[in-house]
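Coordinate inspection notes
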Amino acid sequence: MRDVVSAVAPPPPEPDCPAPPFRLWASLLIAAGLCLAGLSFYLHKAISDQQQAEESRQAASRVAGSIRPYLSVFSPSPPDEPPSESRRDPLSTRLSKQLQEIALWSGLLELSVLDAAETPLFSTNPALQADPSPLLTDLKALTRPLTPDPQPLPTVRQSFRLFEQVFSGQNISQQILTLGSGRASPLIIVMTFRLSSPATSLPHALIGAGGSMVFLGLTVTALAILARRARIMRDRLDARLSAHAETDQARRRLQDMMEQTIAQRTRRLRDSEGRFRDFAMSSSDWLWETDTQNRFTYVSDGIRRLLGMDPDQIIGKTRSELQAIPYDETKRWETYLATLRARRPFRNFTYRILDTAGQERIHSISGTPVFDGNGTFSGYRGSGTDITDQYRAMKALVESEDRYRSVADLSLDALIVHLDGRIVFVNHRAVTITRAGSDQDLIGRPVIDFVPDSSLEQLQEQFDQILSSQMMSERREIRLKRLDGTPFEAEVGSAPITHDGSPAILTLLRDITTRKTVQTQLIQTAKLATLGEMAAGMAHELSQPMNIIRMAAEGALLTDGATLPERIRKGLDVIAGQAGRMGDIIDHMRVFSRKQAPSADLFDPQRCLREAINMVEAQFYAETITMAVRYPNQKTRVLGQPVHLEQVLLNLLTNARDSLRSRNRENGPETGWNAHIDIRTSIDPTGEMLGIEVADNGTGIPADALDRIFEPFYTTKEVGSGTGLGLSVSFGLISAMGGSITARNCETGGAVFTITLPLAPADERALPLSPPSADRPRSALTAPQVLMDPVEADGEEDEPSALIGHILVVDDEPNAATLIRDHLRAMGYRVTMAHDGAKAYDLFLEDPPDLLITDLRMPRVGGLELMARLHHHIPDLPVILMTGHMGQSDLSPEDIEAEAAAVLRKPIRLTDLTTLVRAHLPEDLSPPLPTS
């Protein structure tokens, strides 16, 4: 169809000069001729009238010049004098003849003379003499003032009969002027002339007709020329019309063919648009088009389904205007905009956009640039896809893989995936357990390379069972080997999985070598903990008899010391001293068996060192181990808990003793070698750090153990000889005090442990410390005093004196209570005794005491409960607590000391008890001190 349309010749162009409308031209020419004739007539008449007016004015001037001499001798009557009959014609006798002659030879048709009152004095027209009203009417019609110069006078008298007779067919002109006669009143002269040109309009008409005939001739000639031209053009027009008729037929045929083609193409286009619309509506994508400014000019209805937006809401906007560009996507958007500026196609550009519900959607778009026929860029056209679900699924998959990878890498267990007996995946923990360099050292290796022969059959049976049953196996302990061949204990569990579409096995492996060791050490630690609890209980039980022994010895020395023989007095002194030493040992056992509050105090580390040495000095001396101690020559103060430093020092001294024992046992008696421990305390040059070194000449520390010596449960001792916790705990205690502890080997043999602690500022070092605890005496007993005779134990005073202090003593140990009662009675106090808290409360209600001395642990009602009951009645009642073990109380030692006035730890010294009693009783209730 395209060939048929293109084969038809185009129609010829329209004729350049169409046939002119002849009648119209002829009418226009005739009308123009008539207008020209009328114009010629009026122009000729106007010129003639102007010439005649000028001639009349000149003639009037000449006549006026002739009349003036004659009228100068005329004396008319004054204007205010009324005319008389006798003076009807005053000029008839004197001037009429001269004026008539002037009018005759001047060619005037009429000459009239009037005075200032417009009274006719003379006129050549007899009619005016009889009736001057027509002339007077003309004068009244004159609106301009009269002047000596002639001026035309409007004429209306031609309507009179006389004028019709005299002036019929004449072209006349009237002129009027004023002349002075020697008086104040001028004379009015009215002159009527006959003009030289005829009075009718015939000449003018003839002239106009002549002009019209000439123009008409020219018009006829032009019309003839136009008619001839019209005939020629008509012939041409007929020829062209014939050609146009043929062209019209061809055009109609062409139009029919084009209409058919357009109809066919319209149907095809409509079908194509319908298919495109169906595709666009049913497609999951949406189509778009933008202009040169990247603004949407077309958006398909798919956007409504995907975002709930009307396409009109998007038209005219850019993508960046629809959604703010996140900061983390700025660079990607810059790349996208650079592609648009370069007019290059792009694919799969993703960006975020919010739908009408405010939900974030992810769209992927692709586009190609569009150019017109001239190659000018006109915009982009492309499609978009909502990939939110795919994006979220992919993101979830990536996050899941990252989580799996993180879990696998952070897992404390080794994860090994093996396919057909070979390793295909391992995590970082598997590399560590097998001691491989990297995961590539394990990938591709057979699993059996890490299984000893003794465990190979058991593990292979487990793998076969997993593949056949497709169920995970139970975890079991098995012995494996590392890459270097070192055996280790492992806990293994496996489960079937799919790897790259093939069945594989995931094996979870845990190295339990350390756990096995720790379990063994924990058992030993539990034994030691049990032993510690037993020691704490024994300390409490031993403190009771030691308390009685000490108080009995001191009581005898205090009451009868002056009368006893020297030998017995020295023996009692030794008994009291050894009881005090046993009390120190028991107190140290109590300190290490009870929990400590996390507080920090300022204390003297040298004192802690002395306490630790005193604890082991006798034992070391029995094993022929010598100790040398060097102290600094200045005061030292550190911040922390003294018991912690004592614990660390005791642990180091005990380790040194074990190392010396080991060397003596391994090498036997050596010539010139003596077991020796050297303890050095020094201050660094800056004066800010304190150093304590504990060195021995034993076996030293193995080189491979120096880096792990402070790890928990690590020990170089034989099995059963240590828990591996001593140095680890020591490291933690010293670190908590802001210090450090290091270990090294001495060049001459043996190990050196160095403790470094920060010293308190110099101004705090001068502050006095609290005196040593009263329950840990180091001084010898004071000289016994001679006291008053004690009151008998079973006797009572007849009347209690209100001037003597009343003391209530409560202890579940009868002997200890009796000794305290007898001692206080010997001091002069009134004492009441009870063996449990319930009995003591009853005695309190009967006779309230001034001071309460009670044991902490008692049956039925304990010391704390008793103290609370008594404080309910007397809030300020002073209480002295006695205890052999504070760690078994619900309250902390600090809380107990805050509630009580004083706390004495068993075994107690009677002198300390006497001091506390006098300190907490008013002076007026205490008996006077005995004189020697």
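First, a word on what this report is: a plain description of the structure on this page. The shown structure was predicted, so the numbers you read here are calculated from the model rather than taken from an experiment.

**Notes on a positive patch on the surface**
Among the surface-exposed residues, Arg265, Arg267, Arg268 and Arg270 lie close enough to one another that they form a single positively charged patch. Along the chain, Arg267 turns up in helix 7 (residues 202-282).

**Section: the pattern of salt bridges**
Throughout the structure, instances matching the rule amount to 17 salt bridges. Here Arg482 ties to Asp511 by a salt bridge, and the two come within 3.2 Å at their closest N and O atoms. Remark: Asp511 occurs in strand 15 (residues 502-511) and Arg482 occurs in the loop between strand 13 (476-481) and strand 14 (487-499); sequence separation between them is 29 residues. Between Arg869 and Glu865 there is a salt bridge, and its shortest N-O distance comes to 3.0 Å. Taken together, the residues span about one helical turn, with Arg869 and Glu865 both in helix 23 (residues 863-873) at a distance of four residues. What emerges from the salt-bridge pattern is a single network uniting Arg630, Asp678, Arg680 and Glu693.

**A closer look at the sheet that holds strand 13**
Spatially, 12-11-15-14-13 is the arrangement adopted by the five strands of the open sheet, whose pairing is antiparallel. At either end of the open sheet lies a strand with only one pairing partner, and these are strand 12 (422-426) and strand 13. Pairs of neighbouring strands in the sheet enclose a mean axial angle of 40 degrees, with direction left out of account. Sheet strands in contact with helix 14 (residues 453-469) are strand 11 (414-419), strand 13, strand 14 and strand 15, and its direction is about 20 degrees off that of strand 14.

**So, the packing of helix 18 (residues 642-667) against helix 19 (residues 726-736)**
Interaxial distance between helix 18 and helix 19 falls to 10 Å at its minimum, and their mutual angle equals 145 degrees. Considering the relative orientation of helix 18 and helix 19, their crossing is left-handed. For the pair helix 18 and helix 19, the contacting residues are His644, Leu645, Gln647, Val648, Asn651, Leu652 and Asn655 in the first and Gly726, Leu727, Val729, Ser730, Leu733 and Ile734 in the second.

**Considering the side chain of Thr854**
Checked against the element boundaries, Thr854 lands in strand 25 (residues 851-855). For Thr854, a relative accessible area of 0% puts it in the buried group. Those residues within four positions of Thr854 in sequence are excluded, and the remaining contacts are Val810, Gly863, Leu866, Val879, Ile880, Leu881 and Met882.

**Things to note about the packing of aromatic side chains**
Throughout the structure, instances matching the rule amount to 13 aromatic pairs. An angle of 90 degrees between the planes, with centres 5.4 Å apart, marks the rings of Tyr336 and Phe346 as edge-to-face. Separated by 10 residues along the polypeptide, Tyr336 in helix 11 (residues 330-341) and Phe346 in strand 8 (residues 346-354) bring together distant segments of the chain. For the pair Tyr336 and Phe346, one class covers both residues: buried. A centroid spacing of 4.1 Å and a plane angle of 5 degrees characterise the contact between Tyr336 and Phe349, whose relative ring orientation is stacked. Within this pair, whereas Tyr336 is found in helix 11, its partner Phe349 is found in strand 8, the two being separated by 13 residues in sequence.

Rules of the game
Residues numbered from 1 in each chain as written. Predicted model: local features only at pLDDT ≥ 70, side-chain atom pairs only at ≥ 80, totals over all residues. Heavy atoms only, no water. Patch = residues over 30% accessible without salt bridge, like charges linked within 9 Å, V, L, I, M, F, W, Y side chains within 5 Å. Areas by Shrake-Rupley, 256 points an atom, 1.4 Å probe, with all protein chains shown as cover. Salt bridge = Lys/Arg side-chain N within 4 Å of Asp/Glu carboxyl O. Lys, Arg positive; Asp, Glu negative; His and termini not counted. Charge placed at Lys NZ, Arg CZ, Asp CG, Glu CD. Helix = DSSP H or I, 4+ residues; strand = E, 2+ residues; numbered from the N terminus. Pairing = 2+ DSSP bridges. Axes fitted to C-alpha atoms, helices over the stretch in contact; angles between N-to-C directions. Contact = heavy atoms within 4.5 Å. Left-handed = near helix turned anticlockwise from the far one by under 90°. Buried < 20%, exposed > 50% of the residue type's maximum accessible area, 1.4 Å probe, protein only. Phe/Tyr/Trp six-rings, centres within 6.5 Å; stacked < 30°, edge-to-face > 60°.

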